[in-house]
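Breakdown of the fold
Below are the chains, spelled out letter by letter.
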Amino acid sequence: MQQRMQPADVICLCEAGGRIQPLRVRLMDEEQVYQRVDIEQILRRDEIHHTGAEAQIFLCRATVGEIPRVFELKYLLRSHRWYVQGDMRWI
């Protein structure tokens, strides 16, 4: 299965100290309908600093249709864009 980055709308909390906390993700499903996913827990957060590719990466847990799911959410610092990494056909 090929991993891909899907653009996402994200509601997040920006703390006074600069820390970002994603709260909710909105993605378009295969029928071109927006689906909302509430993030229940951030399992891990990392930062990458490569030439031209600075990002914050969040490993998130959410329940979708009574099934717990884990997915990776990326925030690209230079472009100020959010992406979900991987296959999101379960939305």
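I will try to describe carefully the structure that is included in this document. A quick note: this is a predicted structure, and the numbers were derived from the prediction, not measured. (Residues numbered from 1 in each chain as written. Predicted model: local features only at pLDDT ≥ 70, side-chain atom pairs only at ≥ 80, totals over all residues. Heavy atoms only, no water.)

1. Some details on the overall build of the protein
For the protein, the count of helices and strands is zero helices and eight strands. Put simply, the protein runs from its N terminus to its C terminus through helices and strands in the order β-β-β-β-β-β-β-β. In terms of overall size, the protein behaves like a compact globule, its C-alpha atoms giving a radius of gyration of 13 Å where 91 residues would be expected to give roughly 12 Å. C-alpha atoms of the protein, sized along the principal axes, occupy 35 × 30 × 20 Å. Each of the 91 residues in the protein was classed as buried or not, and the buried ones make up 30%. Of the contacts made within the protein by residues no fewer than 6 positions apart, 33% connect residues no fewer than 24 positions apart. (Helix = DSSP H or I, 4+ residues; strand = E, 2+ residues; numbered from the N terminus. Rg over C-alpha atoms; globule rule 2.2 N^0.38 Å. Buried < 20%, exposed > 50% of the residue type's maximum accessible area, 1.4 Å probe, protein only. Contact = heavy atoms within 4.5 Å.)

2. Focus on the environment of leucine 13
Relative to the helices and strands, leucine 13 resides in strand 2 (residues 9–14). Under the relative-accessibility criterion, leucine 13 is labelled partly exposed at 43%. Spatially, the C-alpha atom of leucine 13 lies 28 Å from that of glutamate 30, the residues being 17 residues apart in sequence. Among residues more than four places away in sequence, those in contact with leucine 13 are Arg19, Ile20, Gln21 and Leu23.

3. What to know about the side chain of glutamine 6
With respect to the secondary-structure elements, glutamine 6 resides in strand 1 (residues 5–7). Side-chain polar atoms of glutamine 6 contact the backbone oxygen of methionine 28, separated by 3.1 Å. (Polar contact = N/O pair within 3.5 Å; in protein donor to acceptor, adjacent residues only side chain to side chain.)

4. Here's the deal with the environment of valine 84
In this fold, valine 84 is placed in strand 8 (residues 81–85). Its relative accessible area of 0% is what places valine 84 among the buried residues. The residues contacting valine 84, other than those within four sequence positions of it, are Arg4, Met5, Gln6, Ala8, Val25, Leu27, Phe71, Glu72 and Leu73.

5. Re the nonpolar core
In this structure, Val25, Phe71 and Leu73 are the most contacted members of the largest nonpolar core, which totals 16 residues. Taken together, the elements giving at least two residues each to this core come down to strand 3 (20–28), strand 6 (53–64), strand 7 (67–76) and strand 8. Apart from the residues within four sequence positions on either side, leucine 73 is in contact with Val10, Pro22, Val25, Ile39, Gln56, Ile57, Phe58, Cys60, Trp82, Tyr83 and Val84. (Core = buried A, V, L, I, M, F, W, Y, C linked by side-chain atoms within 4.5 Å.)

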